Amino acid sequence: MSHSGCHSSPQVLTLHVFSALFLSVTEVCDRPLVSSLPPSSFRSSSQLSTSHAPGFAKLNRRDGAGGWSPIISDRYQWLEVDLGERTKITAVATQGRYGSSDWLMSYLLMFSDTGHNWRQYRQEDSIGSFPGNSNADSVVHYKLQQPAIARFIRLIPLDWNPNGRIGLRLETYGCPYTSDVVSFDGGSSGLLYWLTSGLKRTSRDVVTLKFKALRNSGTLLQAEGQEGLSLSLELERGKLLLLLRKGRTSSTEPQRLVSLGSLLDDQHWHHVAVERRGSHLNLTVDKHTERVFVLICFVVSLQNGNVTFSCAEPVSVAVTFTGPESFLQLPGTTMSSSGGVSIGFQFRTWNKKGLLLSFELPQQGGVAWLYLSEARLQLQIHKSGASLNDGQWHSVELNSRQGHLTITVDKEERDSSQASPSFPVTVESHLFFGCPVEDGSQKCRNLFSVFQGCMRLFTVDNQNLDLIKVQEKQLGNYSNLQIDICGIIDRCSPSPCEHGGPCSQSWTVFHCNCSDSGYSGATCHSSVYEQSCEAYKHNGNTSGHFYIDVDGSGPIKPQLVYCNMTEENTWMVIQHNNTELTRLRPFTGVNQYSIHFDYSSEEEQLLAVIKQSEHCEQELSYHCKMSRLLNTPEGSPLSWWFGGPGAGRVQTYWGGAQPGSQQCACGLQGDCVDLQHYCNCDADRMEWTEDSGLLTHKESLPVRSLVLGDIQRPGSEAVYRVGPLQCHGDRNFWNAAFFDKETSYLHFPTFHGELSADISFLFKTMASSGVFLENLGIKDFIRIELSSSTQVVFSFDVGNGPLEVRVESSFPLNDNRWHRVRAERNVKEASLRLDELPVATQEAPADGHFHLQLNSQLFIGGTASRQKGFRGCIRSLQLNGVTLDLEERAKITPGVQPGCPGHCSSYGSLCQNHGRCVERANGFHCDCNLSAYTGVFCQTEVSASFKSGTSVSYTFKEPYEMSRNSSALPSSIYSDMTLRGENVSLSFRMNQSPALLLYVSSYYREYLAVLINKHGEENTSNLFISFFQIDQNAREDFNLTSDGEFNAIKSLVLGRVHESDDLDADLSRLASLGFTGCLSVVHFNTISPLKEALLRPNSSPVIITGPLAQSNCGSAASRWYYEGKSFLPIHTFLYRRKDTYRNKEVKGVNQEDSQDFPFNNQADSQNLSTENPKEYFI
């Protein structure tokens, strides 16, 4: 133990330890331990003969029959060695029986201090079996990954030569182990340490010990410090807690700093270390460490207390029910003289269901079942206890006295229930603990789930039952049990669930609840959110609030930000607590104002966003009146701000200037109001002025605080504003490389994903196969490849043999479009997802290896095994949330090019409503110039509310100046304004009828009008084809009798038509009424007149008269015709006229008069003069 000197007076540290253990000096620890032992040190379950006794089971010895063999070869046999004292065991070696066909192929290792309460040795906390031999003479040596400290070692055969029997010779290697032991009885005894003031002070404190607990709760260690603060290590329900208390009374509620370990009351030794480094404490329990921050200091020395320097080793034989075939049969009893029966035992489990005990009721011809259901104890239908699947020991007592049956659970906790049958309960046959579901030969009936867990301390009529006699076949019967061991494993300690997902478990598996974590997968490893606004945009999202997880599966939490996608760049906006203009006035006694800004994102989130983005900026503005900003005659700034990581660094430049310049934007541009100063405000004038600009130096962002120092003078006034942090561009999302040869590749350092690994990337290719990624180990490997034009395969090996996860696509993947691959592997399963196809999963083997151990370089686009490499592009490659910089590595690698253009083939479909996809170096842009819509994907309707006096007139290209002597308009003048077809589309909402929606005029007195009336009939004739479609109704085609061209178009009018001299009186009257309602997304061929009028009124050939207001009234256009308006049904009319039409035969048209549409009241069209206009409506 080392001692630290904190700046305080010496204080007391009190140790309360059940058992403390200090290791000896490190030494070479590999000497043989078994070869010199006498035969009496060996025990076995049985022996085939005296020549096959366990004492002959020494490595390379030929005595007796050349080794040990039991009388029966099954999995209930065992060989045990007593090393004489607690020993550090580092390796084990096995060999078959000499000159025979008898050897072990696999086995289990057990260790114990007492010869009871065995503990199974596991590799990587999971693998229980060890590889054995393949013949009788070769030696298989296995070095333990973690040394075991025990006196007894037991080997249990699992598999043996199928053509022989169990045969074994063995050796173990290690060295003596010495320790000082102290025992506490749970009372007031303790071990006390004091510090002497002369001890050397260091920056580090370490307390280490080992303990073995007989109870699941109690104080292990307590350290008292200054100002009433104390730290304590306490067991609570088998977990070790580090608690901080304030105050010297025990009633003070402690603060839980950390919890580690589980099932620590298993009567086995556990290692604990508490280490202080500065203001941090590291708590280690066995192999797991947690770090906490605590400002407390302790100094210690030694003083003896009333303790026992030995360690009691009570014997408690447990049995483990491992699976569906496990049961324990014990003899029953007849009714005692008191007229009753008593049965008791303890159990622990993780499962919610399972049969614990069953016995027959011979007098009634029935059976009694005691079982768990939903973690409650039930006898037939009566319930008792709560949360009995918590892994803790629970005692059960059944007592029958005079027809009254009592069931008591955890007697000390007074949790019991009673059942009162009207008949006495006797147990004359057998007691079955656990029971196979179907096992008629044992007369053991089970209507419930099987029990998996541990039991111990069996009593019948208050007499303890010896389970060692059961093991030796002298008492009762059993099947598929592990006797003298409780094999319970806490699969949730430490929790395999990441990012705060709660862990629950059964006997065989764990489950992570990821519902509220923001992550998904078997271990809550992969984020459900994108890493930037840029990624959300390319999923087809528009502006709004989104959760961003900047490091994917990394430790940084998701954050809520606003994504502004209204511009060509996609901006991520992070707000703080004061983004508004804030006014300051002089205040008596205040010489400086200091303003701190709290951001909606946490520190690590802010820094990650800034680092990931291509560009960040923040507005900093200062409006002043007699309030100087930076410069004074002495040159010292009066105001400054802090920016950058943490609390920020002092910055003395202002928005729009360069770091370190001590200038404002006007100083950089040379246009300050006073050229002797570098800021407008430093002119110190009585008039309002300002210094504003953008801070764009990423290392100085975000702005943390602002200090304003010249606002105390009379007449001084100031207004400041610090805008939100805004960033655009995702350097990770577009990081790409192009592999132009199958032999080209990039290599990176070894990928470390021992327990959990996620890999995500995008690819596009025209090749049908190739390896995306590969990393090899000695035996382990991980690989992702395109195995065919429709299949991606994720394969790996962690020591259990190769596993593959495949996803098959119904469409080709070599279409030169981007496809997304997401692969994840953890201790529970592996998964693979391709684009939006269903995820494919593969469960990991139960109790298999789970550490992925790689040691070669990571190959991207190729392989170390010379398999076919990948030809194409790989982009945004991330491993466990860390982006690999493909572009930088590609710049120095032959055969690989940085970047990968051509994104419109993949994302062009996001551009809607005739928007045109435009390629960019990093991404794409939707050009909406030819669309009536706007927005990032040309998806936002452009709508306006019209009043009766509103008019929007769009003037087409003016004709060439006409000759003064010409009496006619030459057609050549208008040739570029002649239309052979018109494509008109719009959305509208109105409450008037009839109404004129759109009017197009020409220099030839031709016109086109779109009208709406509340009823009418369709009339068709034949010359050229037109069509009309309303909402989702079927498209209708019409033949209109007229010329095939619309010559010399002049203007298009929405709303009221002011120049209507060319119209009939009826249509002119309708045009003069205007339009009242909403028009949206008006499109005439390639022209969007309403969009031009609203968004570009000063640069477009539009004339606006009357009130016109942009509105979102168009957002519900798809529902307008279904809202129950009084003028339903609606009929829309296309009305065309051509005065110059001559000598064209007009086919008869039957019309129905309408009072609402007076210009329909025409005579038969065959009787019309050719000089009169021709009218058509749809």
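In what follows, the structure referred to is the one given above.
Now for a description of the structure that goes with this document. None of the values given here were measured: they were computed from a predicted structure.

Reading guide: rules and limits
Residues numbered from 1 in each chain as written. Predicted model: local features only at pLDDT ≥ 70, side-chain atom pairs only at ≥ 80, totals over all residues. Heavy atoms only, no water. Buried < 20%, exposed > 50% of the residue type's maximum accessible area, 1.4 Å probe, protein only. Helix = DSSP H or I, 4+ residues; strand = E, 2+ residues; numbered from the N terminus. Pairing = 2+ DSSP bridges. Core = buried A, V, L, I, M, F, W, Y, C linked by side-chain atoms within 4.5 Å. Domains from an automatic or database assignment. Phe/Tyr/Trp six-rings, centres within 6.5 Å; stacked < 30°, edge-to-face > 60°. Axes fitted to C-alpha atoms, helices over the stretch in contact; angles between N-to-C directions. Contact = heavy atoms within 4.5 Å. Disulfide = S-S within 2.5 Å. Salt bridge = Lys/Arg side-chain N within 4 Å of Asp/Glu carboxyl O.

## Overview of the pairing of strand 70 (residues 951-955)
In regular strands, side chains alternate between the two faces of the sheet.
Phase 1 of the analysis: Extensive coverage of strand 70 is indicated by the burial of four of its five residues.
Phase 2 of the analysis: Relative to strand 78 (residues 1102-1105), strand 70 is paired through four bridges, and the arrangement is antiparallel. By the bridge assignment for strand 78, tyrosine 954 is matched with valine 1102.

## Observations concerning the pairing of strand 53 (residues 757-764)
Phase 1 of the analysis: The element strand 53 is largely enclosed, with a buried count of eight among its eight residues.
Phase 2 of the analysis: Looking at chain direction, strand 53 and strand 58 (residues 819-825) are connected through seven bridges and run antiparallel. Following the sheet pairing, alanine 757 is matched in strand 58 by arginine 825.

## Some thoughts on the nonpolar core
For soluble globular proteins, nonpolar side chains are generally found buried alongside one another.
Phase 1 of the analysis: Grouped together as the largest cluster of nonpolar side chains are 64 residues, with contacts concentrated most on Tyr622, Trp654, Leu706 and Leu725.
Phase 2 of the analysis: Built from parts of two domains, this core gets at least three residues from each of domain 4 (570-731) and domain 5 (735-901).
Phase 3 of the analysis: Grouped together as the second largest cluster of nonpolar side chains are 41 residues, Leu746, Ile782, Val792 and Ala890 included.

## Let's talk about the packing of aromatic side chains
Phase 1 of the analysis: The full count for this structure, using the stated rule, is 31 aromatic pairs.
Phase 2 of the analysis: Here the aromatic rings of phenylalanine 111 and tyrosine 121 are separated by 6.1 Å at their centres, their planes lie at 80°, and the arrangement is edge-to-face. Within this pair, whereas phenylalanine 111 is found in strand 5 (residues 104-112), its partner tyrosine 121 is found in the loop between strand 6 (119-120) and strand 7 (129-131), the two being separated by ten residues in sequence. Each member of the pair phenylalanine 111 and tyrosine 121 is classed as buried.
Phase 3 of the analysis: Between tyrosine 907 and phenylalanine 924, the aromatic rings sit 5.7 Å apart at their centres with planes inclined by 10°, giving stacked as the arrangement.

## Some points on the sheet that holds strand 43 (residues 593-596)
Phase 1 of the analysis: One open sheet accounts for four strands, arranged 43-48-45-46; its pairing is antiparallel. Edge positions in the sheet fall to strand 43 and strand 46 (649-651), since each of these pairs with one other strand and no more. Direction aside, the axes of adjacent strands within the sheet are offset by 20° on average.
Phase 2 of the analysis: One ladder, built from three bridges, connects strand 45 (residues 640-643) with strand 46; its direction is antiparallel. Its bridge partner lying in strand 46, phenylalanine 642 is registered against valine 650.

## Considerations on helix 3 (residues 603-612)
Phase 1 of the analysis: All buried positions along helix 3 are accounted for by Gln605, Leu606, Ala608, Val609, Ile610 and Gln612.
Phase 2 of the analysis: Looking at the packing, one finds that the buried side of helix 3 touches strand 40 (559-564), strand 41 (571-574), strand 44 (613-625), strand 48 (703-708) and strand 50 (725-730).

## Overview of the state of the cysteines
Phase 1 of the analysis: Taken as a whole, this structure holds 14 disulfides when the rule is applied.
Phase 2 of the analysis: At a sulfur-sulfur separation of 2.0 Å, the disulfide partner of cysteine 497 is cysteine 512. As the torsion about the S-S bond is roughly -90°, the cysteine 497-cysteine 512 disulfide counts as left-handed. Taken together, the positions of cysteine 497 in the loop between strand 34 (481-483) and strand 35 (503-505) and cysteine 512 in strand 36 (residues 510-512) put the pair 15 residues apart, joining distant regions of the chain.

## A look at the environment of leucine 755
Phase 1 of the analysis: Position of leucine 755 among the secondary structure elements: in the loop between strand 52 (746-748) and strand 53.
Phase 2 of the analysis: For leucine 755 and phenylalanine 850, which are 95 residues apart along the polypeptide, the C-alpha to C-alpha distance reads 6.5 Å.
Phase 3 of the analysis: Among all residues touching leucine 755, those that are not within four sequence positions of it are Arg825, Asn826, Val827, Phe850 and His851.

## Remarks on the sheet that holds strand 18 (residues 288-293)
Strand pairs in the sheet, formed through backbone hydrogen bonds, run parallel or antiparallel to each other.
Phase 1 of the analysis: With respect to topology, four strands assemble into an open sheet ordered 11-16-17-18, the strand pairing being antiparallel. Both edges of this open sheet fall to strand 11 (204-211) and strand 18, since each of them pairs with a single strand only. Sheet twist, expressed as the average angle between the axes of neighbouring strands with direction ignored, equals 15°.
Phase 2 of the analysis: Pairing of strand 17 (residues 280-285) with strand 18 involves six bridges; the strand directions are antiparallel. Across the sheet, residue valine 285 finds its bridge partner in strand 18, namely histidine 288.

## Digging into the pattern of salt bridges
For side chains bearing opposite charge, pairing can occur when the charged atoms are close.
Phase 1 of the analysis: Throughout the structure, instances matching the rule amount to 33 salt bridges.
Phase 2 of the analysis: Between arginine 256 and glutamate 236 there is a salt bridge; the shortest N-O distance is 3.4 Å. On the criterion of sequence distance, the pair formed by arginine 256 in strand 15 (residues 255-260) and glutamate 236 in strand 13 (residues 229-236) is long-range, its members being 20 residues apart.
Phase 3 of the analysis: The exposure class assigned to arginine 256 is partly exposed, which follows from its relative accessible area of 49%.

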